Amino acid sequence: MYVEARTKETYAMKMDQAKRVLLNNNRDGYTVPSPRLYPFQWNWDSGFIALGLCYVNEKKAFDEIRNMFKGQWSNGMLPHINFHHEDPSYFPGPELWASKECPWSPKDLATSGITQPPVYGFILSMMAERFWKKDKNFDSLLKEIYPKVIASHRYLYQHRDFNNEGLIYIHHNWESSDNSPLWDEALNNIDIKEARDVSGLRRDLKNVDAAQRPTNDNYNRYIYLVDLFRKYGYDDEKIVRESPFLIQDILFNAMLVRSNEGLIHLASLLGEDASEMETWNKKTIAALNNKCWNKEAQFYFDYDINQDKQIPIKVSNGFMPLFAGVCSPLQAEQLKRQLVSSFGSGNYILCPSCGVDEPAFDAVKYWRGPVWININWMLYHGLKRYGFVEEANHVKKQTLMLIEKNDFHEYFNPVPDIPDNARGLGGTNFSWTAALYLDLINESDL
Ligand code: GLC
């Protein structure tokens, strides 16, 4: 076994570096994903970061979560960015979102106006395994944050569940895997002439090669959607009537199920009633399997509400139901085969964010091919959950290799025919890469 064969001591230097990345990226109470590229607090990043900070400094881990929830809106929405301080080096910043114009946003903290995949139910549940009843600071954090996590899920079920079917829709690609080919058709339906040209305002291209980032046309469409949200004062009931982008996303919904499951575990620790989360989960699991599982393709596909059809593109998000325990043993077996055939065939490094036999596959472009460490971490846990020990171990081994040979990059090139130390892409000193590296090394072995 990889981690056993090479003891933790072998990793000591890399673990120190990972800790340093987290500490260097830590600001007063929260951690930025990458100092130059992403200088604020991001939602799901902070969940993964908190898990890693538990191996560095528990207080900072608890502060990370508390500071994230300072941005929560009174309707329960947990925003995807908290702008705790000003930083003109980033676009789109607080001026684009103008959150304070919205009556249910916090008045003392500017935030974005969209959310990201739910993580805090399962992150807190994992942290509880370690700290509950052993660390008073954790116990009080949990009591304070638990109802807020429930409120963030309630927001989703009340405002983002079209037709009350148990499946949450996202209305912006930034609520999931940014520029995945999943969104191409919906975004292309936006007439580019109606969008303003924001290419001159972009700052990301100063730090990262354009080949590794979304195109300008796409960026204009992303901002078009934000302009629409503002026009409707962030009122979901109005937005849903007009948005060209309404997608029931597998990644988002699978993480919601896993997070509901985390809340159910936390409810048992706190002596609280879990029936609301149990009802949600039954409904969402059934809906994922009825509406998004494609029997012919043997894969989970996102669903485009406006087009009323599945989006038949195989991306790594399709494996996340393993992480959430959504699949039957047969579905799990079929997914495992897809992992080997469509994603890892020909010695590709697992797990490319887009199937390597998909026409849209691009080895270096963000969510259109490169490996992301948070997805690998969830995939690893998902494979393990279904007893696929060998495959789980393989994913873990490749994940550790990528980080060891390339440092703490944002994403990684999966193609077979390049040197392993030439795989790092996107931002550097990326916090969740460092955090999840620490978690993978420290977790008990298979
Ligand atoms: C990128 C990722 C997004 C992440 C953000 C901050 O935009 O696509 O998922 O939250 O960076 O790291």
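Reference entry: report on the structure contained in this document. These numbers come from a predicted model, not from an experiment.

## Concerning the packing of helix α6 (residues 120-131) against helix α7 (residues 136-159)
Relative to each other, α6 and α7 sit at 160 degrees, their axes nearing to 11 Å. When the axes of α6 and α7 are compared, the pair comes out roughly antiparallel. Considering how the two elements wind past one another, α6 and α7 form a crossing that is left-handed. Contact residues: Tyr-120, Gly-121, Leu-124, Met-127, Ala-128 and Phe-131 in α6; Phe-138, Asp-139, Leu-141, Leu-142, Ile-145 and Val-149 in α7. When grouped by side-chain class, the residues that make up the contact of α6 with α7 number 10 nonpolar, 1 polar and 1 charged.

## As for the packing of α7 against helix α12 (residues 250-270)
For the pair α7 and α12, the least separation of the axes is 11 Å and the interaxial angle reads 145 degrees. Seen from above, α7 lies across α12 with left-handed handedness. Taking contact as the criterion, the partners of Leu-142, Lys-143, Tyr-146, Val-149, Ile-150, His-153, Leu-156 and Tyr-157 in α7 are, on α12, Phe-252, Leu-256, Ser-259, Asn-260, Leu-263, Leu-266, Ala-267 and Leu-270. Within the contact of α7 with α12, the residues separate by chemical class into 12 nonpolar, 3 polar and 1 charged.

## Overview of the sheet that holds strand β2 (residues 81-83)
What the 3 strands build is an open sheet, ordered β1-β2-β3; its pairing is antiparallel. At either margin of the open sheet sits one strand with a lone partner, and together these are β1 (41-42) and β3 (110-111). By the bridge criterion, 2 bridges tie β1 to β2 in an arrangement that is antiparallel. Each residue of the ladder has a partner; that of Gln-41, found in β2, is Asn-82.

## Structural notes on the site of the ligand
Taken together, the neighbourhood of the ligand is formed by 13 residues, with Asp-45, Gln-116, Asp-178, Tyr-366 and Trp-367 sitting nearest. The side chain of Asp-45 places a nitrogen or oxygen atom 2.6 Å from an oxygen atom of the ligand. When isolated, the ligand has an accessible area of 300 Å², and the protein chains bury 97% of it. Counting atoms within 2 Å of the grid points, the majority share of the ligand lands in the largest cavity. Class assignment of the residues belonging to the shell around the ligand gives a composition of 9 nonpolar, 1 polar and 3 charged.

Here is what the cut-offs are and how they apply
- Residues numbered from 1 in each chain as written.
- Predicted model: local features only at pLDDT ≥ 70, side-chain atom pairs only at ≥ 80, totals over all residues.
- Heavy atoms only, no water.
- Axes fitted to C-alpha atoms, helices over the stretch in contact; angles between N-to-C directions.
- Helix = DSSP H or I, 4+ residues; strand = E, 2+ residues; numbered from the N terminus.
- Parallel < 35°, antiparallel > 145°, perpendicular 65-115°, else oblique.
- Left-handed = near helix turned anticlockwise from the far one by under 90°.
- Contact = heavy atoms within 4.5 Å.
- Nonpolar A, V, L, I, M, F, W, Y, C, P; charged D, E, K, R; others polar.
- Pairing = 2+ DSSP bridges.
- Near = heavy atom within 4 Å.
- Polar contact = N/O pair within 3.5 Å; in protein donor to acceptor, adjacent residues only side chain to side chain.
- Areas by Shrake-Rupley, 256 points an atom, 1.4 Å probe, with all protein chains shown as cover.
- 1 Å grid on protein atoms, 1.4 Å probe; cavity = no way out; pocket = protein on both sides within 12 Å on 5 of 7 lines; lining within 4 Å.
- Sits in = over half its atoms within 2 Å of the grid points.

Purely spatial values, then, with no claim about function.
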